[in-house]
Amino acid sequence: MCSVLWSRKTTSSMVDRSNAEQEASIDQQAQPRKRLWSRFTLRHRLLLLTAVALLPAFLIVLSNNLSSRALRSAEVDAYALKMTEVVQNEVVRGLTAAATMMIAMGRSEIVDQHDAAACQSYTDAIRRDLVTIMDIAVADATGRLYCHSGDSAASEIEAGIKTLVTGRPGQLSVGGYTQTSGGAALPIGLAQTGADGKVEGYILLNVSMAELVRQVTAATKELQGSRTTVTDRSGIVLLSLPASTIQPGQAAPAYMDRFVHAEAPGTLRTSNPDGVAEIIGYRPVSDALPIATVFELPEAPIMAPIDRAGIINSLIALAGAGVAFLLAWFIGGVFIERPVGVLNRAIAARRSGDRSARTGLAGDVSEFGVIGESVDNLFDDLDRREVLQRQAEEQRDLYAREIQHRVKNLLAIIQVIARQTLARPDASPEVRTFESRIGAIIRAHTKSLMQSDRAGDVEDLVREGVAPFVGLSGDRLEIEGPSVQLRSKVASALALALHELATNAVKYGALSRENGRVEVHWDVDGDSFRLSWTERGGPPVAPPTQTGFGTVLISRVLRAETRGDVSTEFGADGFAFRLTARLADVALDQIPPKT
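Bear in mind that the values here come from a model prediction, so they are computed numbers and not experimental data. (Residues numbered from 1 in each chain as written. Predicted model: local features only at pLDDT ≥ 70, side-chain atom pairs only at ≥ 80, totals over all residues. Heavy atoms only, no water.)

Q: Looking at this model, I keep getting lost on the packing of helix α3 (residues 42-107) against helix α9 (residues 299-351). Mind explaining?
A: The packing of two helices is summarised by the inter-axis angle and the distance between the axes. Two elements in contact, α3 and α9, have axes separated by 9 Å at closest approach and are oriented at 170 degrees. Regarding the angle of α3 to α9, the classification is roughly antiparallel. Note on packing geometry: the crossing formed by α3 with α9 is right-handed. Classifying every residue of the contact of α3 with α9 by side-chain character gives 21 nonpolar, 10 polar and six charged. (Axes fitted to C-alpha atoms, helices over the stretch in contact; angles between N-to-C directions. Helix = DSSP H or I, 4+ residues; strand = E, 2+ residues; numbered from the N terminus. Parallel < 35°, antiparallel > 145°, perpendicular 65-115°, else oblique. Left-handed = near helix turned anticlockwise from the far one by under 90°. Nonpolar A, V, L, I, M, F, W, Y, C, P; charged D, E, K, R; others polar.)

Q: Even after reading the chapter, I still don't get a nonpolar patch on the surface, so can you show me in this structure?
A: Together, V323, L327, F330, I331, V334 and F335 give the surface a local cluster of nonpolar side chains, amounting to about 560 Å² of exposed area. Take V323: it is sitting in helix α9. (Patch = residues over 30% accessible without salt bridge, like charges linked within 9 Å, V, L, I, M, F, W, Y side chains within 5 Å. Areas by Shrake-Rupley, 256 points an atom, 1.4 Å probe, with all protein chains shown as cover. Salt bridge = Lys/Arg side-chain N within 4 Å of Asp/Glu carboxyl O.)

Q: Explain the packing of aromatic side chains here, please?
A: Each pair of aromatic rings is reported with the distance of its centres and the angle of its planes. Across all of its chains, the model carries three aromatic pairs by this definition. Centroid distance Y79 to F295: 6.4 Å. Interplanar angle 80 degrees. Geometry classified as edge-to-face. Of the two residues, Y79 is situated in helix α3 and F295 in strand β11 (residues 291-298); the sequence distance between them amounts to 216 residues. We classify F295 as buried; its relative accessible area is 0%. Ring centres 5.0 Å apart and planes at 25 degrees place the aromatic pair F259 and Y282 in the stacked group. With F259 in helix α8 (residues 257-260) and Y282 in strand β10 (residues 277-283), this pair connects stretches of sequence that are 23 residues apart. (Phe/Tyr/Trp six-rings, centres within 6.5 Å; stacked < 30°, edge-to-face > 60°. Buried < 20%, exposed > 50% of the residue type's maximum accessible area, 1.4 Å probe, protein only.)

Q: Explain the sheet that holds strand β16 (residues 528-536) here, please?
A: Note on sheets: strands pair through backbone hydrogen bonds, and any given pair is parallel or antiparallel. Reading across the sheet, the five strands line up as β13-β15-β16-β18-β17 and stay open at both edges, with mixed pairing between neighbours. The two strands at the open ends of the sheet, each matched to only one other strand, are β13 (477-480) and β17 (565-570). Neighbour to neighbour, the strand axes of the sheet diverge by 10 degrees on average, direction disregarded. Direction of pairing for β13 relative to strand β15 (residues 517-525): parallel, over a ladder of four bridges. Residue E480 lies in a different strand from β15, and its bridge partner there is H521. (Pairing = 2+ DSSP bridges.)

Q: I'm lost on the confidence of the model for the protein chain in this one. Help?
A: Low pLDDT marks stretches whose predicted atomic positions should not be read closely. Here the protein chain averages 79 in pLDDT, while 81% of its residues score no lower than 70. At the low end of the mean pLDDT range in the protein chain sits helix α1 (residues 2-29), at 47; at the high end sits β16, at 94. Taken as a whole, residues 1-15 scores under 50 in pLDDT and shows zero contacts with residues more than four places along the chain or in a different chain. Contacts of residues 591-595 to residues separated by more than four positions or lying in other chains number nine contacts, the stretch itself having pLDDT below 50. (pLDDT = per-residue confidence, 0-100. Contact = heavy atoms within 4.5 Å.)

Laid out in structure tokens, this is it:
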């Protein structure tokens, strides 16, 4: 049965050890997380929770800013493209008036008759009424100029007529930028055909670019910071507003080439040669209208209101977050740190010995109130258990004293019987030794019956506990150590241990030989108390094959009462016993070490 019990205990111990190792491994793996979370107080965790709660609000603000900016960008793109249409319509409007007048001239009888004098009077009158027309020229079917009203030289007009001759008959032709004597002009020509489709003559008009500039300027005058450029099919600038380094008649900047000859109208976000971010709307040249329009709008002024609103919203969000963090800090201090502090102070007071310490949080409906009520209930349970434990200890001590009293009485009876039986005038030394040992045992038990907190000095306990076993020969016992007053329970445990050690020494150890002796030394080193029992001159000793009751009594009782370490040695010189414990656990007063 013993082997079965041992096997069960061993198996249980192995399982416990395995579980402990697993738990230690898990704790080791969780150590970094514990170290991280241990750096945050509850107030800090509340602030972290507040930050997490505010994160969606900041994401919403950011999303609103981005969506507002994207919406504004789309509106500006549409606006830039619309402005290219407005500018182009203004140019077309100026050209349309001239083209309509030119078609009407082609249907007039004066032009059909090829009468130079009548034609000259007719064209002069028209030119006086239309300020947008710089030159009006009429040529016959061969391209010979016979009628011209305007400031341009005849050679310039004849060059324009030659262009019309090589063109398609019956179709309106718009030329490129032309610098005439009267200024910059945009030529428009028409090859007049008869009913049979044959060319009967040519009409050429030079439309003044100054008038077109005036019309476009009136349409775009409210657009601060914008720039409008109109080119012909060759990329020559017809007009550029506001006036800048790009002059009419010059080639458009290289970055505009892709806009002039693009496949379709559109918008683009880019940076100009000066590095300024712009939104560019463009309408390229086409077969129907051989002019291109580029409208440039700086991005910063257009997006400034949106950016300003985004900054204001962000500042408002930050201010709200700051208020939220301040409130969280205040709430954390009032509703978290205060009850936690109450709990800590109550526990600290309890540990310091204040048995009336309570949290007083039982009326709080929060979780801290539940914890506080549980702590208070725990303190009440501890008080009740301490009362019951104290009553049990008093009852145990009462029984122990009763047993010790009866043992003392029994020893006294043995002493009386021995005295009466062995009382002779010539009593041998052995008889007197026997009587003295019985008397020493009685005194030792009397000492153990003491219930004062100052139960005994170590030296008194050693002498009274070992004296019955060494007899009248005091040279067999060596005692050395400072005066240390032991607590009552420690003194009782040490008296039992000394009695057991002396008994074993008489039976098997040094005291079983005439020359054997025992050395009992103790000292105080800082806050440590050390006691040693060393036997000399005895028979050879060896560790026992089985642990006896006395050994168990010495180890368990002393360890329990002193909270120290107990060790035994079976050396060649004899048996040795060591006790090491904290001075505060064994002594009433901490005695300074002996020097």
